[in-house]
There are 8 protein chains.
Amino acid sequence: MDQAEVRRLLQEVAEGRSSVDDALLRLRMAPFTDLGFATLDDHRGVRQGVAEVIYGAGKTVDQITRIASAMWERGQRTILVTRIGPETAEAIGAALPVEYSELGRIAVVGEGPKADGSGTVVVVTAGTSDQSVAEEAAVTAEALGNQVTRVYDVGVSGLHRLLAHTEEIMRAEVVIAIAGMEGALASVVGGLADCPVIAVPTSVGYGASFGGVAALLTMLNSCASGVSVVNIDNGFGAGYLASMINHRRSGS
Amino acid sequence: MDQAEVRRLLQEVAEGRSSVDDALLRLRMAPFTDLGFATLDDHRGVRQGVAEVIYGAGKTVDQITRIASAMWERGQRTILVTRIGPETAEAIGAALPVEYSELGRIAVVGEGPKADGSGTVVVVTAGTSDQSVAEEAAVTAEALGNQVTRVYDVGVSGLHRLLAHTEEIMRAEVVIAIAGMEGALASVVGGLADCPVIAVPTSVGYGASFGGVAALLTMLNSCASGVSVVNIDNGFGAGYLASMINHRRSGS
Amino acid sequence: MDQAEVRRLLQEVAEGRSSVDDALLRLRMAPFTDLGFATLDDHRGVRQGVAEVIYGAGKTVDQITRIASAMWERGQRTILVTRIGPETAEAIGAALPVEYSELGRIAVVGEGPKADGSGTVVVVTAGTSDQSVAEEAAVTAEALGNQVTRVYDVGVSGLHRLLAHTEEIMRAEVVIAIAGMEGALASVVGGLADCPVIAVPTSVGYGASFGGVAALLTMLNSCASGVSVVNIDNGFGAGYLASMINHRRSGS
Amino acid sequence: MDQAEVRRLLQEVAEGRSSVDDALLRLRMAPFTDLGFATLDDHRGVRQGVAEVIYGAGKTVDQITRIASAMWERGQRTILVTRIGPETAEAIGAALPVEYSELGRIAVVGEGPKADGSGTVVVVTAGTSDQSVAEEAAVTAEALGNQVTRVYDVGVSGLHRLLAHTEEIMRAEVVIAIAGMEGALASVVGGLADCPVIAVPTSVGYGASFGGVAALLTMLNSCASGVSVVNIDNGFGAGYLASMINHRRSGS
Amino acid sequence: MDQAEVRRLLQEVAEGRSSVDDALLRLRMAPFTDLGFATLDDHRGVRQGVAEVIYGAGKTVDQITRIASAMWERGQRTILVTRIGPETAEAIGAALPVEYSELGRIAVVGEGPKADGSGTVVVVTAGTSDQSVAEEAAVTAEALGNQVTRVYDVGVSGLHRLLAHTEEIMRAEVVIAIAGMEGALASVVGGLADCPVIAVPTSVGYGASFGGVAALLTMLNSCASGVSVVNIDNGFGAGYLASMINHRRSGS
Amino acid sequence: MDQAEVRRLLQEVAEGRSSVDDALLRLRMAPFTDLGFATLDDHRGVRQGVAEVIYGAGKTVDQITRIASAMWERGQRTILVTRIGPETAEAIGAALPVEYSELGRIAVVGEGPKADGSGTVVVVTAGTSDQSVAEEAAVTAEALGNQVTRVYDVGVSGLHRLLAHTEEIMRAEVVIAIAGMEGALASVVGGLADCPVIAVPTSVGYGASFGGVAALLTMLNSCASGVSVVNIDNGFGAGYLASMINHRRSGS
Amino acid sequence: MDQAEVRRLLQEVAEGRSSVDDALLRLRMAPFTDLGFATLDDHRGVRQGVAEVIYGAGKTVDQITRIASAMWERGQRTILVTRIGPETAEAIGAALPVEYSELGRIAVVGEGPKADGSGTVVVVTAGTSDQSVAEEAAVTAEALGNQVTRVYDVGVSGLHRLLAHTEEIMRAEVVIAIAGMEGALASVVGGLADCPVIAVPTSVGYGASFGGVAALLTMLNSCASGVSVVNIDNGFGAGYLASMINHRRSGS
Amino acid sequence: MDQAEVRRLLQEVAEGRSSVDDALLRLRMAPFTDLGFATLDDHRGVRQGVAEVIYGAGKTVDQITRIASAMWERGQRTILVTRIGPETAEAIGAALPVEYSELGRIAVVGEGPKADGSGTVVVVTAGTSDQSVAEEAAVTAEALGNQVTRVYDVGVSGLHRLLAHTEEIMRAEVVIAIAGMEGALASVVGGLADCPVIAVPTSVGYGASFGGVAALLTMLNSCASGVSVVNIDNGFGAGYLASMINHRRSGS
């Protein structure tokens, strides 16, 4: 509500066309309306790219299948479905074309878009057990139109394996560094890379790893610049953010 | 500018006693008038009652004095200033009538409103050291137009002292239960009272009290129904909420 | 025991009608007797309203059925049974009229009372997964005689969905804000509402949500005034407290 | 090793009856020998009373049965077996007379001793769900020769139920106060009792009770004097300590 | 006013040596006489023994001095003042006979009572820095009529030093085991002792000792039977409880 | 010595304008030239942009002044100095041109570069007390060649203030969301923004804010996509990462 | 890359034999190449001894069997397989000679090497339930060529049992001290031993042992010199490190 | 008095060069000679080497000076004094030859012993601020007879700096890896080194480093074999343990 509108409202009151109570209510509610929210989509939408996302956790097979079908009927040609088991993927596959990653527990309905980001998203993991989270991140990034390079199982306790990939890391547009246990990978990668590093702690580990807290703290305390952190096991969030960074803004 | 004032202003406009331009100017002079939402004050506004609030922590003596004076000049006749030292109270007192509670580190500028709530707000504390938080709560409630009964130093390890006040607690409209250390007071009071109990953990204690965490957990886990909790040492928040509960809504 | 009684006791001792030992014992036990506890019900009772409550967790199907039947036979016509599965609801239903909410794991035996509170209790949730706790709160409030408005799945990351309900929130007598993960809903709702907000953190989430601790801390630290917090997943407690606030006291 | 012995040792060296190496070794090991450890029994034994204890957790049914039989054959006539299921109790019962408390998951082999302590051990619990821990404590104390009074389900949110037992608590020789959730019972009982209070937090609760941590902190921070705390759910430890306090020392 | 005094007073009334009015006045002069519960002192009263206690923390020098003087005038001949600095002790000493322990920050006003407990209270500490808490415990126990043996600086990393005191520990009526850092002392002492062991964690330490939490957890998890724990640095609580255990009940 | 300079130096060598010996010497004078990795600066180097950074915390005024002077003499024309007090800024200013932000405790030596990023970095704060961290972020971003828009004091409890800036947030290339207490700002901004959001928890708050932990958890659990988190109070890290995202890669 | 190489590179540039871009890339990648990493083995290898290790957790029976067979075919004659169940051991045993410890969940394929360390590795445990971790440590050390002495079930609450082994501990080359619950064993052993003590906290315990955290903190805070700690339940790590210490370096 | 001295003394007795009385007296003058265990020094004794240690924290300048002088008079020629300020070092220096490291807050009285360990102790730190702990470790190791190589300020975010020291690390007999913040150094060093790595977390950092906890967890979770951890900031403990490992046992 800008000045002109407030003036108009006051005029209505002055002319008796609006009651005091009505005007009071409209003044109170003013700041929360007319802000052009039509541009905001329904659910944490994937506004920039070509895919829509269904967050599968806590939804039934039936719910997911129906949402996916509805999207497909509306003309959506790439749909990402996260955190689902093979039975859900199969159910979707009965009606729609679907590709499922059992490791990442993530499916892409329809054809993936072509990679149109500025550069490459490099997904680096410390150990074999981090690959589930890594696949969630990688498939998410691919479904959002990014070229993805996977560099798996290069934990810092065998540094030479990581260093063998120095060039890929140095040439990345954005790196996703995924590690459980001590999570030191993010710092080392952050020191090598010349681009934003998204660190993903995983719940892999035992004892004092506390379900990913140790890795989380390590990553938050990283001395390397350009490192930021997402929630434990949040592969989707990392892939999504990486895609955001890798895509030029439409308006700029 | 509170709701009543906006309503009055609109009435003046409706009755032709105030011009549209004048009204617009007065609305703009209130904070955020460009948003047309004059009822929201500077900081987490006191929309319901008669007082405005200045949160003193982290503000200089000079800043507070100037804000208070500006409010006073705009016609505000009860101003609550929280978390300030005596020197700030003195500085305000040089220009405005002020009453300062050293214990609660809280001041009321101007005359307190008359108590117009449904009933009585009873403030109960476990120990002598909880009185600082208690005074913040009590003075806040009084400044917002509530009758307050103070029942101090009635911790549960000397149960008879608390039980001597059974009647006051049973007749309260809302009880604020304040305790550090083990915080058991909230549960016992919650068992006695027939009304909402706002529990305030305090940072009083040593060792495994962890700066109020022990009391906080105790209160969150209370088996007594009708108990809810605010942040550690948040006397103001408890007093404010108590006043909300004790005042009938304008519209109902 | 007031002065007069002590004097009478001393007189009995002086006159030999009471032994020293008897008097000593009566002096020691004095403060814990004669306090009119008959007004306190058996178990954290629902003193204000029409319903009685059976807390189902940890009780067998048989125990619950027998308690409910006994209450019914005593003439109680609204009985709330919390935290039970469908098999318990069915068992009760064999003998008594019962309505069961599978989502909220809560049942109402008999007919619900008519809503006689001052206004409306608005239950707001951030995500779909918070609805179980929300239903526990909503059904509790309804069974205690409140009109309840449900505003579900309006998390702050899609702000426009919440803002679409601004008017309902502004007109509420009390709001119950339920959220897991980051729990930011309580603060935003607290900023919109003009009435007490009861925040309920839920254990929904993963990683660094720590089973509801993240949401709990967010809610305790809310900068919005009028917000207080109950235990994680404590929908019953929130519904009960909301009803307390929404009902005028008999004596006032 | 006292001075005389060291002198004797040196003399042996001087006289060539002991080699330098031998003497060195004996000097190094000296403080750890000859301390009369024969008086210390095999396993954290129950030295004061009549019962021996088998800690059942982590032992197989077969192991426990064999240990119990061996003790019985050595003439032991009261054997306490803690943390076992009914199948273990049954297995023992095939050969030996046994009484099993399913609630407390504890068994007494043979006949219980007669109660020979100074006074009564009072076991107080806050809620129904704390009874399992309470029975472990009570049966332990009984098996060690104590008269036990059970005061169950008297949580502080229904204070009158606890106060109805004021006299029993005031006449106790030692009180065991058992509570989960907010654990406030220990403080209130500590304020009533005139004797040592052993507080036992239980893992009963949900949300911010954190498996007994909330109750533990409450109890450690108790303002009531004479209260000390044992580990979460440690009913055996409390019963054992209570028996120690309730029995006069042989030497005094 | 302790139980014995109330009994004496009642006896005087019974024997006609005191008038009812006089008795009533004297009961009222005691704290909470309106409750007729004179045996409870000002703060968490010392009902069993001969001393009264002033908890000094958070009280001004002037407040403490006045409370002590008032107690003295009422005839109290042993007064314990905890957690005070030398300047407070000096201020008290200006008017009353006082003995101050700078190490324990605790003072005894008047003459200490003669030790009348069943046996000896042994206070054991792990390191030099734990002596402050130890003195608080020891002086408290002495002021409450116990014979105290101090065994200081016998931490478990130099086991022979502790073992040199095996006999004292084995003959104790109750042991207070005080340790910071890893707190292992309580377990070892608990294994040696045949009597209740009160473990006191201290905030001595650095790094992962977390202000006493490490020692607290160690002590709570002690495998030795007969060990219970009080709050971090709570020397007074340990000394008080030790005295309770060491004194026979009046009525038994 | 940044990449551009090394390239220039190599070009000079290629074109014969610089001798091999000269080039070698200049490479050696740069840090770690024996490693041939001149692009890495002294500490967590700023490889991409025009500024070099001195991390001031834990360095003496003298150390900082000498490092800055040495950089200046080597030809560096923009030097960022973080976490310093005014006295350090003054000391640097005695010899070099310096602009100091007292609020952000950060200084820029020399002239700031012109903003050459893709778009605008928007720095949003919840409260007045978060401005110190915000200025560290904003000045860092500016010194690295970014246009910065400051949107301060728009916490979610007064939502209209934030919504008034919807357009700026929607048009940002990257948003830095800074908040203490409950940290809900990041989620709400993440829901409004169409670009990466870097969340910075601050240590502002009291009670259960635990020095920034509450805000940190809130931010990690944000349901809004595109949100990542840096360490508590790490304004520099956020500004640096924002600049990375806002600048196109040289090679792409 | 040493100075000579940089000079040679510059010369190539000067002579046009290398492009500027090539030179720049080689300078950037220099420090990460040519460091002789060929000496580093594939996976955190067991470089010193005779055995290779397969970390079994998270690997399928089939994967493990194939890895073991491949190693065997390459001529490896001692292979350690950790964290596997009996079915995996059986599967390996179908093709290769294998010895499996069910307690330690660890297998040795082929014949164990002869013990060639400097002295003896003594493995000490507090309780029966710690033996699983102990066997993992002991079998690991044996497979790496160490003589191992097992001293089990000698917790500090029955000190005499531990002291009975004083000589073995004093003569050890390295001691592994394994304990759950309060973990005090490490300190006491550290006080007795004259050699490095590797402390292993175990997740054995209940209540406030928090899955090994209590023991971990105890061990980290040990006052005994020469004690260091590995992760909770990390028997393999302790056995491996013990072997390292017990073996003389080849080059020294 | 170390083992060698006791052996020499016994030899003198055996050879008649010392009388039994003389020997007895000298044994008694050593600490705890009444226990005949002269090899244990005052506090957590240095049994293996040539130096004795005074732990300075919590001791007065005067106490330390007197202990050092007494040791010196008894013939001790290398005395290590930890955690002292320059004024204490000066006070000692007035009477005895002393070398003080202000950085490490540690002093060596007398001449340092010659390095007689098997190999070299390499002390590696991540950042400049870790040097204080590093010097405590390094000076401790030197005073106990070890050759020490310092590799400082080689944190993993600038990996090339660490890699430049690969050879030193690979040739070490034992490595002490010291780091605050994220503590990743230990893992990387553990991957490079072929010898035991003692990890020391430091309290350097801010925000979510929690005074060293983040680094501690990182180090405990290290995937590199051969890594163990000591308490936060415990440089002395690391240096002492390193010396133990680097010295062959006398008896083997």
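Residues numbered from 1 in each chain as written. Chains lettered and ligands numbered in written order. Predicted model: local features only at pLDDT ≥ 70, side-chain atom pairs only at ≥ 80, totals over all residues. Heavy atoms only, no water.

## Comments concerning the overall build of chain A
So, step 1. For chain A, the count of helices and strands is 10 helices and 9 strands.
So, step 2. Expressed as a percentage of contacts within chain A between residues at least 6 apart in sequence, the contacts between residues at least 24 apart total 67%.
So, step 3. Only carbon and sulfur atoms are counted for the fraction: they give 48% of the accessible area of chain A, which is about 8,900 Å². (Helix = DSSP H or I, 4+ residues; strand = E, 2+ residues; numbered from the N terminus. Contact = heavy atoms within 4.5 Å. Areas by Shrake-Rupley, 256 points an atom, 1.4 Å probe, with all protein chains shown as cover.)

## Some thoughts on the sheet that holds strand β4 (residues 106-110) of chain D
Residues and elements named next belong to chain D.
So, step 1. In space, the 4 strands of this open sheet follow the order β1-β2-β4-β3, with mixed pairing throughout. Edge positions in the sheet fall to β1 (52-55) and β3 (98-101), since each has one partner strand and no second. The sheet shows a mean angle of 15 degrees between the axes of neighbouring strands, taken without regard to direction.
So, step 2. Of the pairings in the sheet, the one linking strand β2 (residues 78-82) to β4 comprises 4 bridges and is antiparallel in character. Paired with Thr78 across the strands is Gly110, a residue of β4.
So, step 3. Sheet contacts for helix α5 (residues 131-143): β2, β3 and β4; angle to β4, the most-contacted strand, approximately 20 degrees. (Pairing = 2+ DSSP bridges. Axes fitted to C-alpha atoms, helices over the stretch in contact; angles between N-to-C directions.)

## Notes on the packing of aromatic side chains
So, step 1. Throughout the structure, instances matching the rule amount to 8 aromatic pairs over all chains.
So, step 2. An angle of 45 degrees between the planes, with centres 5.9 Å apart, marks the rings of Phe236 of chain E and Tyr240 of chain E as tilted. Residue Phe236 of chain E and its partner Tyr240 of chain E are both found in helix α10 (residues 235-246); the two are separated by 4 residues, about one turn of the helix.
So, step 3. Geometry around Trp72 of chain G places Arg77 of chain G over its ring, the cationic atom sitting 3.8 Å from the centre. (Phe/Tyr/Trp six-rings, centres within 6.5 Å; stacked < 30°, edge-to-face > 60°. Lys NZ or Arg CZ within 6 Å of the ring centre and 35° of its normal.)

## As for the layout of surface pockets
So, step 1. Considered as a void within the structure, the largest pocket measures approximately 1,900 Å³ in volume.
So, step 2. Forming the boundary of the largest pocket are 36 residues, of which Val213 of chain A, Val213 of chain B, Val213 of chain C, Val213 of chain D together with Val213 of chain F lie nearest the centre.
So, step 3. Among the elements of the structure, α9 (213-220) of chain A, α9 (213-220) of chain B, α9 (213-220) of chain C, α9 (213-220) of chain D, α9 (213-220) of chain E, α9 (213-220) of chain F, α9 (213-220) of chain G together with α9 (213-220) of chain H are those that each provide at least two residues to the lining of the largest pocket.
So, step 4. Residue composition of the lining of the largest pocket, by class: 36 nonpolar, no polar and no charged. (1 Å grid on protein atoms, 1.4 Å probe; cavity = no way out; pocket = protein on both sides within 12 Å on 5 of 7 lines; lining within 4 Å. Points joined across faces, edges and corners; volume = space filled by probe spheres on them. Nonpolar A, V, L, I, M, F, W, Y, C, P; charged D, E, K, R; others polar.)

## Considerations on the pattern of salt bridges
So, step 1. The final tally for this structure, using the stated rule, is 68 salt bridges over all chains.
So, step 2. Asp21 of chain H serves as the salt-bridge partner of Arg7 of chain D, at 2.5 Å between the closest nitrogen and oxygen. Remark: Asp21 of chain H occurs in helix α2 (residues 20-29) and Arg7 of chain D occurs in helix α1 (residues 3-14); the pair is interchain, linking two chains.
So, step 3. Exposure remark for Arg7 of chain D: the relative accessible area of 34% places this residue in the partly exposed category.
So, step 4. Accessibility expressed as a relative area gives 46% for Asp21 of chain H, which makes it partly exposed.
So, step 5. Measuring nitrogen to oxygen at the nearest pair gives 2.7 Å for the salt bridge that ties Glu135 of chain F to Arg150 of chain F. Of this pair, Glu135 of chain F sits in helix α5 (residues 131-143) while Arg150 of chain F is found in strand β6 (residues 147-151), placing the two residues 15 residues apart along the sequence.
So, step 6. Classification of Glu135 of chain F by relative accessible area gives buried; the value is 11%.
So, step 7. On the basis of relative accessible area, Arg150 of chain F is assigned to the partly exposed category, the value being 33%.
So, step 8. What emerges from the salt-bridge pattern is a single network uniting Glu135, Glu142 and Arg150 of chain A. (Salt bridge = Lys/Arg side-chain N within 4 Å of Asp/Glu carboxyl O. Buried < 20%, exposed > 50% of the residue type's maximum accessible area, 1.4 Å probe, protein only.)

## Observations regarding the packing of α5 of chain F against helix α10 (residues 235-246) of chain F
Residue and element names in this part refer to chain F.
So, step 1. Two elements in contact, α5 and α10, have axes separated by 7 Å at closest approach and are oriented at 35 degrees. For the pair α5 and α10, the sense of crossing is right-handed. Together, Val133, Glu136, Ala137, Thr140 and Ala141 of α5 and Gly235, Phe236, Gly239 and Tyr240 of α10 make up the contact between the two elements. (Left-handed = near helix turned anticlockwise from the far one by under 90°.)

## Here we look at the environment of Ala94 of chain F
So, step 1. Positionally, Ala94 of chain F belongs in the loop between α4 (86-93) and β3 (98-101).
So, step 2. Separated by 87 residues in the primary sequence, Ala94 of chain F and Arg7 of chain F have C-alpha atoms spaced 33 Å apart.

## Quick word on the domain arrangement of chain A
Residues and elements named next belong to chain A.
So, step 1. When its domains are assigned, chain A resolves into domain 1 (3-7 + 17-110) and domain 2 (120-246).
So, step 2. With 16 residues of domain 1 in contact, the opposing surface of domain 2 contributes 15 residues.
So, step 3. Each partner contributes to the roughly 1,300 Å² buried at the junction of domain 1 and domain 2, and carbon and sulfur atoms together form 63% of this total.
So, step 4. For Arg83, the salt bridge identified is with Glu136, shortest N-O distance 3.0 Å.
So, step 5. Scanning the region where domain 1 abuts domain 2 turns up 3 residue pairs in polar contact (both at pLDDT 80 or more).
So, step 6. Elements with a minimum of two residues in the side of domain 1 that touches domain 2: β2 (78-82) and β4 (106-110).
So, step 7. It is β2 that contributes the most residues to the side of domain 1 that touches domain 2, 3 residues altogether.
So, step 8. When its residues are assigned to classes, the side of domain 1 that touches domain 2 shows 8 nonpolar, 6 polar and 2 charged. (Domains from an automatic or database assignment. Buried area = accessible area lost by both parts, 1.4 Å probe. Polar contact = N/O pair within 3.5 Å; in protein donor to acceptor, adjacent residues only side chain to side chain.)

## Observations regarding the packing of helix α3 (residues 61-73) of chain D against helix α4 (residues 86-93) of chain D
Residue and element names in this part refer to chain D.
So, step 1. Look at α3 against α4: their axes get within 9 Å of each other, and the N-to-C directions meet at 40 degrees. Relative to α4, the element α3 is oriented oblique. Crossing hand, α3 versus α4: right-handed. Residues Val61, Ile64, Thr65 and Ala68 of α3 pack against Glu87, Thr88, Ala91 and Ile92 of α4.
So, step 2. Looking at side-chain class alone, the contact of α3 with α4 contains 5 nonpolar, 2 polar and 1 charged residues. (Parallel < 35°, antiparallel > 145°, perpendicular 65-115°, else oblique.)

## Quick look at the pairing of strand β6 (residues 147-151) of chain D
Residues and elements named next belong to chain D.
So, step 1. Alignment of strand β5 (residues 120-125) against β6, held across 5 bridges, turns out to be parallel. Considered in β6, the bridge of Thr120 is made with Gln147.
So, step 2. Between the parallel pair β5 and β6, the chain is carried across by α5, and the sense of this crossover is right-handed. (Right-handed = clockwise from strand over helix to strand, strands pointing away.)

## Quick look at helix α3 (residues 61-73) of chain H
Residues and elements named next belong to chain H.
So, step 1. Here α3 spans 18 Å end to end across 13 residues, near enough to the 18 Å set by a 1.5 Å rise per residue.
So, step 2. Along α3, the positions that sit buried rather than exposed are Ile64, Thr65, Ala68, Ser69 and Met71. Each buried residue of α3 sits inside an arc of 160 degrees when the element is viewed along its axis, so together they form one side. Seen from the open side of α3, the exposed residues pointing more than 90 degrees away from its buried face are Arg66 and Glu73. (Expected span 1.5 Å × (residues − 1). Arc of directions from axis to C-beta.)

## Some words on the confidence of the model for chain A
All names here are of chain A.
So, step 1. Across chain A, pLDDT averages 84, with 87% of residues at or above 70.
So, step 2. This model gives residues 31-49 a pLDDT under 50, and the stretch forms 50 contacts once residues within four places in sequence are excluded.
So, step 3. Scored as a whole, the predicted complex attains pTM 0.84, and scored at its interfaces, ipTM 0.82. (pLDDT = per-residue confidence, 0-100.)

## Quick word on the pairing of strand β5 (residues 120-125) of chain H
Looking down a regular strand, the side chains alternate between one sheet face and the other.
All names here are of chain H.
So, step 1. In terms of burial, β5 is largely enclosed, as 6 of its 6 residues are buried.
So, step 2. With burial as the criterion, each face of β5 is covered, one bearing Thr120, Val122 and Val124 and the other bearing Val121, Val123 and Thr125.
So, step 3. Of the pairings in the sheet, the one linking β5 to strand β7 (residues 174-179) comprises 5 bridges and is parallel in character. Opposite Val123, over in β7, you have Ile176 as the bridge partner.

## So, unusual backbone geometry
So, step 1. Even without being a glycine, Phe210 of chain D presents a positive backbone phi close to 50 degrees.
So, step 2. Relative to the elements of secondary structure, Phe210 of chain D occurs in the loop between β8 (197-201) and α9.
So, step 3. Given a relative accessible area of 34%, Phe210 of chain D falls into the partly exposed group.
So, step 4. Although it is not a glycine, Arg105 of chain H sits at a positive phi angle of roughly 50 degrees.
So, step 5. Along the polypeptide, Arg105 of chain H turns up in the loop between β3 (98-101) and β4 (106-110).
So, step 6. Under the relative-accessibility criterion, Arg105 of chain H is labelled partly exposed at 40%.

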